[in-house]
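The lines below spell out each chain.
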Amino acid sequence: MHPAIAGVLVALLIVMCIVAFHKISKPMDLDDYRIKEYVVKKGDTLWSICCEYADEHTDTRVWIYEVKKLNNIDNSSFLYPGDTIYVYTSKAG
């Protein structure tokens, strides 16, 4: 591979990592959301639940982190149908 092309690819990778880190590390402004009770259904995962409520301004991983804190969840593998958890949702929704 030509050294110039390799340099451009490395620079592009660095920029992508910086952008991804910035998006992930951006905290949610919890004042912009209300808390809603959610009853877990068969097949639900914390990821699928958070994807349902997450907005386009917040990385789903940040949303999951905040929902885990809100519910004192250490291991999100232990969600069972019928469990009640609290999720953040838009104040407008």
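Our structure is the block above this text.
A quick note: this is a predicted structure, and the numbers were derived from the prediction, not measured. (Residues numbered from 1 in each chain as written. Predicted model: local features only at pLDDT ≥ 70, side-chain atom pairs only at ≥ 80, totals over all residues. Heavy atoms only, no water.)

J.: Any chance you could explain the packing of aromatic side chains here in plain terms?
T.: Remark: the centre distance and the inter-plane angle together describe each pair of aromatic rings, the angle taken between the planes. Within the structure shown, the criterion is met by 2 aromatic pairs. Between Tyr33 and Trp63, the ring centres sit 5.0 Å apart and the planes meet at 80°, which makes this aromatic pair edge-to-face. With Tyr33 in strand β1 (residues 33–39) and Trp63 in helix α3 (residues 60–71), the pair connects residues that are 30 residues apart, well separated along the chain. (Phe/Tyr/Trp six-rings, centres within 6.5 Å; stacked < 30°, edge-to-face > 60°. Helix = DSSP H or I, 4+ residues; strand = E, 2+ residues; numbered from the N terminus.)

J.: What is the right way to read the side chain of Thr89 from this model?
T.: Inspection of the secondary structure assignment puts Thr89 in strand β2 (residues 84–90). For Thr89, the residues in contact, after removing those within four places along its chain, are Tyr33, Arg34, Lys36, Tyr53 and Trp63. (Contact = heavy atoms within 4.5 Å.)

J.: Looking at this structure, how should I read helix α2 (residues 46–53)?
T.: A turn of α-helix holds 3.6 residues, and therefore any two residues three or four places apart point the same way. Among the residues of α2, Leu46, Ile49, Cys50 and Tyr53 are the ones counted as buried. The buried side chains of α2 occupy one side of the element, clustering within an arc of 95° when seen end-on. Elements in contact with the buried residues of α2: β1, α3 and β2. (Buried < 20%, exposed > 50% of the residue type's maximum accessible area, 1.4 Å probe, protein only. Arc of directions from axis to C-beta.)

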